[in-house]
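Coordinate analysis (summary)
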Amino acid sequence: MKRARNFNAGPAALPEEVLKRAQNEWLNIEDSGMSVMELSHRSAQFEKIHNHAIATLKELMSIPENYEVLLLQGGASLQFSMVPLNLLKEGKRADYVLTGAWSDKALKEAKKVGETAVVASSKEEKYSFIPSLEDIKVNEDAAYLHITSNNTIYGTQWKQFPETGNVPLIADMSSDILSEKVDVSKFGIIYAGAQKNLGPSGVTVVIIRKDLIEDNDQLPTVLNYATHAKNNSLYNTPPTLAIYLLSLVLDWAKEQGGVEKIAEINHNKSKIIYDAIDESNGFYKGHARPDSRSHMNVTFNLQTEEAEKQFLAEAKAAGFVGLNGHRSIGGCRASIYNAVPTAHCQELADFMREFQKNYQ
Ligand code: PMP
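Rules used throughout
Residues numbered from 1 in each chain as written. Predicted model: local features only at pLDDT ≥ 70, side-chain atom pairs only at ≥ 80, totals over all residues. UniProt positions renumbered as here; feature names shortened; annotations may be inferred. Axes fitted to C-alpha atoms, helices over the stretch in contact; angles between N-to-C directions. Helix = DSSP H or I, 4+ residues; strand = E, 2+ residues; numbered from the N terminus. Parallel < 35°, antiparallel > 145°, perpendicular 65-115°, else oblique. Left-handed = near helix turned anticlockwise from the far one by under 90°. Contact = placed C-beta atoms within 7 Å. Pairing = 2+ DSSP bridges. Domains from an automatic or database assignment. Buried ≥ 20, exposed ≤ 12 C-beta atoms within 10 Å, placed from the backbone.

Going by an unreviewed UniProt entry, the protein carries the name Phosphoserine aminotransferase and comes from Peribacillus asahii. Its UniProt record, at the heading Subunit (unreviewed entry), says of the protein: "Homodimer." Of the comments in the UniProt record for the protein, the one headed Pathway (unreviewed entry) reads "Amino-acid biosynthesis; L-serine biosynthesis; L-serine from 3-phospho-D-glycerate: step 2/3."

Written out as structure tokens, the structure is:
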């Protein structure tokens, strides 16, 4: 069977090698005579898988000793609430940079908890760029500054991060974690749902600086970072299958040569598609300003909705999956996370050129 050329935005393509390894181990994991889903989360076999996932992520991202890696549930969406619930104290203000619908949702949840401010935004320009660092005035007294490192819907990505001094920098990295080298020590918290670059949906990675973990017994127990930190993310039953697949994806990332090598491959993949856009004489128009272009989500429009409809229909018939833009903005989007092979990006660029030739 031929695997699909999958450009889904998330859940998204997983490495074929990972799926094959999971298939091989499906009936008998770690010599247990059981599938991973049938193991107790308190068993030695599962604990080994769980700890391996955490250790491999620490290694791949060079996570310093003073950070905790938590494996939680509830998606990145729950982090929109957990971050302010844990960090936004009475009398403090949390600052947000608005670069897309997901930052907006994060802000909306923080407003329910305490005082917030928008310190920079590209909303007026249809979220087509990342504000320049000089335009972001960090309030020295802020509880934290929240950013979305890659904007899945609009196809923009931060290239540099603001210096925030003593103010913790919090980043939603759902759609670009592990795709670029980042200096974790610059961040207070990094969080990401796994279903784009890390594995299947169901597990959310939270990398948190230890001094930001404060036991607050006023919070519901499972919404308190301290609960999960104290219990190695095994306070309650974790999503064992998702964590197992996360551990395999992380092994795969290491086999690819680690994050630097993966970033190099990603830059080449996105260039292949952006070149097809830039060389089309305006037939395809990129949504993102070139200096803010994402290496993960390439967003573009055709000149008319009719042309877009035909492009998407023909692409679908040719075996390309998931090229529709997000339902809120339409247009086209190719999500090219770590597991999407370079060959699929080349095939898409070839298809775009061919479509343009035939359409005009
Ligand atoms: N943040 C970003 C940047 C996203 O792309 C998404 C999902 N597409 C979310 C948050 C929401 O994630 P979840 O569905 O895991 O709650």
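Description of the packing of helix 3 (residues 75-87) against helix 4 (residues 101-111)
Where helix 3 contacts helix 4, the axes come no closer than 8 Å and their chain directions differ by 40 degrees. Comparing the axis directions of helix 3 and helix 4 gives the class oblique. Here the hand of the crossing between helix 3 and helix 4 comes out right-handed. Within the contact between the two elements, helix 3 uses Phe80, Ser81 and Pro84 and helix 4 uses Lys105, Ala106, Glu109 and Ala110.

With respect to the sheet that holds strand 10 (residues 204-209)
Spatial strand order, 2-10-9-8-5-3-4: 7 strands in an open sheet with mixed pairing. The strands lining the two open edges of the sheet, one partner per strand, are strand 2 (67-72) and strand 4 (115-121). On average, adjacent strands in this sheet sit at an angle of 20 degrees to one another, irrespective of strand direction. Bridge count between strand 9 (residues 189-193) and strand 10: 5 bridges; the pairing is antiparallel. Within strand 10, the residue paired with Ile190 across the bridge is Ile207. The strands that helix 4 touches are strand 3 (93-98), strand 4, strand 5 (144-148) and strand 8 (169-172); relative to strand 3, the one it contacts most, it runs at about 165 degrees.

With respect to the sheet that holds strand 12 (residues 297-302)
If you walk across this open sheet you meet the 3 strands as 11-12-14, and the pairing is antiparallel. Looking at strand neighbours, the two that pair on one side only are strand 11 (284-286) and strand 14 (332-335), the edges of this open sheet. The mean angle between the axes of side-by-side strands here comes to 35 degrees, regardless of whether they run parallel or antiparallel. Of the strand pairs in this sheet, strand 12 and strand 14 are connected by 4 bridges, and their pairing is antiparallel. Counterpart to Thr299 in the pairing with strand 14 is Arg333.

Some words on the domain arrangement of the protein
Taken domain by domain, the protein comprises domain 1 (16-255) and domain 2 (258-359). Computed over C-alpha atoms, the centres of domain 1 and domain 2 are 27 Å apart. Those elements that place two or more of their residues in the side of domain 1 that touches domain 2 are strand 6 (150-151), strand 7 (156-157) and helix 6 (240-255).

Topic: unusual backbone geometry
Omega for the peptide link from Gly10 to Pro11 comes to -5 degrees, which places this bond in the cis form. Phi is positive for Asn232, close to 50 degrees, though the residue is something other than glycine. A tally of 16 C-beta atoms within 10 Å means that Asn232 is categorised as partly exposed. Not every positive phi belongs to a glycine, and Ser233 is a case in point at roughly 60 degrees. Looking at the element boundaries, Ser233 is found in the loop between helix 5 (225-230) and helix 6. C-beta crowding within 10 Å serves as the criterion here: with 23 such atoms nearby, Ser233 is assigned to the buried category.

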